[in-house]
Amino acid sequence: MSEYNANHTEYTSIASILDAVELPEAKTIASIQQHKRIYLTGYMGAGKSTTGKLLANMLHYRFYDTDVLVAKGFQKKIPEIFEDSGELTFRRAEFLVLQKLSRMTHCVIASGGGTLVKQEALNLAKATGVVIYLRAPLPHLYNRIACSAKQRPLIDVPDSKAVFEQTFQSREAYYNQSDLIVDTDQIDLAELIAVLLNKLSTVSAR
């Protein structure tokens, strides 16, 4: 189930994770559902896609992944887009996807690690929904992606660990502008969803 590694509990399916979530009261869920768009941001390996699918399922929202939509538009894998067209072309397409998603309603959006690290993109997300930064220690993130079969153009390079750290440092200030910051490294997936639901209930809907 993606490179996200639940810390305490081994789950066998999405249903088993959702069954383990300690739900807030019904009125709290209703208040959360006033959020039209929930954007998940964070560095590569943070578990945005896995978490986003679970959160969307819990709220009966649609789920979108910006990386998936960009790849579908090009009909290529992301490393191929980087190789054939360059990162700038990928980022432009990514922003167009973000603009389109910002007009959707009742959805959870897993953004790519670099999607919201331009101020224009971050401002758009914050103006049209609530932005949540899924934060984890850098060594944990590097270990997750090192064990993943998924190709990542920005680190499939010599001295990948140094590049990984430098890229994170260039993005961290944007991640820290999120409406909510949730640390993910000491909790499992069911606990993470419960924390997200509780935190979302404290934020005014946009």
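The structure reproduced in this document is the subject of the present report. What you see is a predicted model; the values in this text were computed from it and never measured. (Residues numbered from 1 in each chain as written. Predicted model: local features only at pLDDT ≥ 70, side-chain atom pairs only at ≥ 80, totals over all residues. Heavy atoms only, no water.)

Moving on to the overall build of the protein. A tally of regular secondary structure across the protein gives ten helices and five strands. Taking all 206 residues of the protein together, the buried fraction comes to 49%. Split by element, the accessible area of the protein, about 10200 Å² in all, is 49% carbon and sulfur. (Helix = DSSP H or I, 4+ residues; strand = E, 2+ residues; numbered from the N terminus. Buried < 20%, exposed > 50% of the residue type's maximum accessible area, 1.4 Å probe, protein only. Areas by Shrake-Rupley, 256 points an atom, 1.4 Å probe, with all protein chains shown as cover.)

When we look at burial in helix H4 (residues 66-74), the residues that qualify are Thr66, Asp67, Val70 and Ala71. Seen along its axis, H4 keeps its buried residues to an arc of 130°; they face one direction. Counted as exposed and oriented over 90 degrees from the buried face of H4: Lys72 and Gly73. In the core, the buried residues of H4 are packed alongside strand E2 (62-65), helix H5 (78-85), helix H6 (87-101) and strand E3 (107-110). A distance of 2.9 Å separates the backbone nitrogen of Asp67 from a side-chain oxygen at the start of H4, and that oxygen is part of Asp65. (Arc of directions from axis to C-beta. Contact = heavy atoms within 4.5 Å. Polar contact = N/O pair within 3.5 Å; in protein donor to acceptor, adjacent residues only side chain to side chain.)

On to the nonpolar core, then. Judged by nonpolar contacts, the single largest core of 41 residues is most densely connected at Ile38, Leu55, Ile132 and Leu197. Broken down by secondary-structure element, the contributors of at least two residues to this core are helix H2 (26-32), strand E1 (37-41), helix H3 (48-59), strand E4 (130-135), helix H8 (138-146), helix H9 (160-175), strand E5 (180-183) and helix H10 (189-200). For this core, the leading source of residues is H10, giving eight residues. Excluding its chain neighbours within four sequence positions, the residues that come into contact with Leu55 are Ile38, Val108, Ile193, Leu196, Leu197 and Leu200. Core analysis: the second largest hydrophobic core is formed by 20 residues, Val70, Phe82, Phe95 and Leu122 among them. (Core = buried A, V, L, I, M, F, W, Y, C linked by side-chain atoms within 4.5 Å.)

Attention shifts here to the packing of aromatic side chains. Here a ring pair, both rings aromatic, is described through the centre-centre distance and the interplanar angle of the planes. For the structure shown, the criterion picks out six aromatic pairs. Considering the side-chain rings of Phe82 and Phe90, the 5.0 Å spacing of their centres and the 45° angle between planes classify their relative orientation as tilted. The burial state of Phe82 is the same as that of Phe90; both residues are buried. Seen in terms of ring centroids, Tyr142 and Phe164 are 5.2 Å apart; in terms of plane orientation they differ by 70°. Their pairing is edge-to-face. Of this pair, Tyr142 sits in helix H8 while Phe164 sits in helix H9, and the two are 22 residues apart along the sequence. Per residue, the accessibility class of Tyr142 equals that of Phe164, and both read buried. (Phe/Tyr/Trp six-rings, centres within 6.5 Å; stacked < 30°, edge-to-face > 60°.)

Within this model, the largest pocket holds a volume of roughly 670 Å³. Around the largest pocket, the lining comprises 33 residues; the ones closest to its centre are Asp67, Ile78, Lys150, Gln151 and Arg152. Broken down by secondary-structure element, the contributors of at least two residues to the lining of the largest pocket are H3, H4, H5 and H6. Tallied by class, the residues present in the lining of the largest pocket amount to twelve nonpolar, eleven polar and ten charged. When its volume is computed, the second largest pocket comes out at roughly 240 Å³. Around the second largest pocket sit 14 residues that line it, and Arg91, Gly114, Thr115, Val117 and Lys118 are the ones nearest its centre. Every element with two or more residues in the lining of the second largest pocket is listed here: H6, helix H7 (119-128) and H9. The residue inventory of the lining of the second largest pocket, partitioned by class, reads four nonpolar, four polar and six charged. (1 Å grid on protein atoms, 1.4 Å probe; cavity = no way out; pocket = protein on both sides within 12 Å on 5 of 7 lines; lining within 4 Å. Points joined across faces, edges and corners; volume = space filled by probe spheres on them. Nonpolar A, V, L, I, M, F, W, Y, C, P; charged D, E, K, R; others polar.)

Before going further, it helps to examine unusual backbone geometry. The backbone of Gln75 sits at a positive phi, close to 55°, despite the residue not being glycine. With respect to the helices, strands and loops of the structure, Gln75 is situated in the loop between H4 and H5. Overall, the relative accessible area of 73% leaves Gln75 in the exposed class. If you check the backbone angles, His106 has positive phi at about 50° while not being a glycine. Along the polypeptide, His106 turns up in the loop between H6 and E3.

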